[in-house]
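Each chain, written out:
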Amino acid sequence: METRDVALVGSDLLEQLGERIGKYLPRTTSAIISDSNVASLFGDRVRRSLTSTNFRPTLITIPAGEKSKTLKQAGAICDQMIAAGLDRQSFVVGLGGGMVGDISGFVAAIYDRGIPHVQIPTTLLAMVDSSIGGKTGVNTADGKNLLGAFHHPSLVIDDVEVLKTLPPREFNQGFAEIIKHAVIADAEMFRALKNDQANDALALQSLIKRNIEIKSKIVAKDERDQTGDRAILNFGHTIGHAIERAGDYRKFLHGEAVSLGIVAACAISIKKAGLSPGQRDEIVHLLQQFNLPTQMPKAFPSEKIIETLKFDKKFEGRNVRFVVTPRIGSAQLSTDVTMQDIREAIDSL
């Protein structure tokens, strides 16, 4: 796969970890950064695999959950790496979902002004989305990923066997990003998903590879998110991130919030980009097929969603940069979307 990110997708890759990493990173010392949930499942296995091939890993565990993705936590991780004697010839392994990948990548970007980062995603969401593209970051009280750096992983290792440990809700949220990729760039994959072609292990591996290709191709056009080409990946995310924050990162998983954001973005796309109501319904039905939410709970504070939007990085000055889809398989950036359009879309959820 010719991408800036080298991604290996297969089964039982954790057992071959030391050997695989050794081909790409002829170094010895490393930090394995994981969270309390994932470390208990895979931490020792990853550490043993590295140790058996003459690596010297240090396992650093942080509390599970989005609340750990802070500058303070990143600093604490760096302090532990310094205490363990890691230097510019070391590397970081991020073992976990998107939160771990974001903070481990951020630590790799800033430690000794940048050391290599290996991503081992343990969720479908991270495999198809956040592990690819080099965006790293931590949250502040005012929003997600407001502090960060572009730092591409040297290697991404997707072992589909780890997905068997995920609860159904956690697994299904990954399909929000897969459906997003289909809507913005791959009508054929959208049709395949409608036919439920994601059931067995080989089909899942193929689906993950396809999503990596889609995202990598878009990222390659605009690595630092400056021209607008990469911005189409934010389809569903402007409102989705605001929903996440309005729910204090507890009410909805990331993919669930993105699902709601996609539904809202479709409403705006009908108005501003000529999306047909029929295709909007197809998108909503596909989200529902994977048990993703398409309607907001009645008691959810919609006004709080609006308030959080002002902290979104996609709002430059007073202009709203909003991604719309004119038809399944295509997307574009619009500056014609108003706050009133967004408010109406949120109210319709």
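Described in the following lines is the structure provided in the data block. (Residues numbered from 1 in each chain as written. Predicted model: local features only at pLDDT ≥ 70, side-chain atom pairs only at ≥ 80, totals over all residues. Heavy atoms only, no water.)

Re the overall build of the protein chain
- For the protein chain, the count of helices and strands is 14 helices and 12 strands.
- By principal-axis analysis of the C-alpha atoms, the protein chain measures approximately 60 × 40 × 35 Å.
- Looking at the protein chain as a whole, 56% of its 349 residues are labelled buried.
- Summarising the internal contacts of the protein chain: among those between residues at least 6 apart in sequence, 78% fall at separations of at least 24.
- About 14900 Å² of surface is accessible on the protein chain, with carbon and sulfur atoms providing 46% of the total. (Helix = DSSP H or I, 4+ residues; strand = E, 2+ residues; numbered from the N terminus. Buried < 20%, exposed > 50% of the residue type's maximum accessible area, 1.4 Å probe, protein only. Contact = heavy atoms within 4.5 Å. Areas by Shrake-Rupley, 256 points an atom, 1.4 Å probe, with all protein chains shown as cover.)

What about the pattern of salt bridges?
- Under the criterion given, the structure shown has 22 salt bridges.
- For Glu66, the salt bridge is made with Lys69, and the minimal N-O distance between the two is 3.4 Å.
- Lys69 sits in the buried class, given a relative accessible area of 1%.
- Two residues, Asp129 and Lys180, come together in a salt bridge whose shortest N-O distance is 3.7 Å. Of this pair, Asp129 sits in helix α5 (residues 124-130) while Lys180 sits in helix α7 (residues 174-185), and the two are 51 residues apart along the sequence. Assigned by exposure class, Asp129 and Lys180 land together as buried.
- Each of Glu66, Lys69, Asp102, Lys144 and Glu244 takes part in one network of salt bridges that share partners. (Salt bridge = Lys/Arg side-chain N within 4 Å of Asp/Glu carboxyl O.)

What about the nonpolar core?
- Core analysis: the biggest nonpolar cluster contains 88 residues, and Ile21, Leu163, Leu193, Ile208, Ile243, Phe322 and Ile342 have the highest contact counts within it.
- When residues in this core are grouped by element, the largest group, nine residues, is from helix α11 (residues 254-272).
- Setting aside its immediate chain neighbours within four residues, Phe322 contacts Thr238, Ile239, Ala265, Ile268, Gln332, Leu333, Ser334, Val337 and Ile342.
- In terms of nonpolar packing, the next biggest core, distinct from the first, is built from 19 residues, Ile60, Ala74, Met81 and Leu86 among them. (Core = buried A, V, L, I, M, F, W, Y, C linked by side-chain atoms within 4.5 Å.)

A closer look at the pairing of strand β11 (residues 322-327)
- The element β11 is extensively covered by neighbouring structure, given that five of its six residues are classed as buried.
- As judged from the four bridges shared by β11 and strand β12 (residues 330-334), these two strands associate in the antiparallel manner. Within the sheet, the bridge partner assigned to Phe322 lies in β12 and is Ser334.
- Two successive antiparallel strands, β11 and β12, enclose a turn made up of two residues, where Gly329 displays a positive phi of approximately 105°. (Pairing = 2+ DSSP bridges.)

Describing helix α4 (residues 98-110)
- Spanning 13 residues, α4 covers 18 Å between terminal C-alpha atoms, matching the ideal 18 Å at 1.5 Å per step.
- With respect to burial, α4 is a largely interior element, 12 of its 13 residues being buried.
- Those residues of α4 not exposed but buried are Gly98, Met99, Val100, Gly101, Asp102, Ile103, Ser104, Gly105, Phe106, Val107, Ala108 and Ala109.
- Note on α4: the residue one or two positions beyond its end, Asp112, has a positive phi of about 50°. (Expected span 1.5 Å × (residues − 1).)

Considerations on the packing of α11 against helix α12 (residues 277-289)
- It is at 10 Å that the axes of α11 and α12 come closest, and there the two elements cross at 175°. As the angle between them shows, α11 and α12 are arranged roughly antiparallel. When α11 is examined against α12, the residues Ser259, Ile262, Val263, Cys266 and Ile270 are found in contact with a partner set consisting of Pro277, Arg280, Ile283, Val284 and Leu287.
- For the contact of α11 with α12, the class distribution of residues is eight nonpolar, one polar and one charged. (Axes fitted to C-alpha atoms, helices over the stretch in contact; angles between N-to-C directions. Parallel < 35°, antiparallel > 145°, perpendicular 65-115°, else oblique. Nonpolar A, V, L, I, M, F, W, Y, C, P; charged D, E, K, R; others polar.)

Focus on helix α9 (residues 201-221)
- The end-to-end C-alpha distance of α9 is 31 Å, a good match for the 30 Å that 21 residues give at a rise of 1.5 Å each.
- Considered for burial, the residues of α9 that qualify are Leu204, Gln205, Leu207, Ile208, Asn211, Ile212, Ile214, Lys215, Ser216, Ile218 and Val219.
- Residues of α9 that are buried in the fold lie against β1 (7-10), α5, β8 (155-159), α6 (168-172), α7 and α8 (187-194).

Comments concerning the sheet that holds strand β2 (residues 29-35)
- If you walk across this open sheet you meet the six strands as β1-β8-β5-β4-β2-β3, and the pairing is parallel. One side of each edge strand has no neighbouring strand; the edge strands of this open sheet are β1 and β3 (56-62). On average, each strand axis in the sheet is tilted by 15° relative to the strand beside it, whichever way the strands run.
- Two strands pair when backbone bridges link them, and β2 and strand β4 (residues 91-96) are joined in this way by five bridges, in the parallel orientation. Bridging across to β4, Ser34 finds its partner in Leu95.
- Along the sheet face, helix α3 (residues 71-83) touches β2, β3 and β4 and points at about 155° away from the line of β3.

A short note on the packing of helix α1 (residues 17-24) against helix α2 (residues 36-51)
- At their nearest, the axes of α1 and α2 sit 7 Å apart, and the two run at 55° to each other. Judged on the interaxial angle alone, α2 and α1 are oblique. Note that α1 runs across α2; the crossing there is right-handed. Taken together, the residues of α2 that come into contact with α1 (itself represented by Leu17, Gly18 and Ile21) are Val46, Ser49 and Leu50.
- Across the contact of α1 with α2, the residue classes tally to four nonpolar, two polar and no charged. (Left-handed = near helix turned anticlockwise from the far one by under 90°.)

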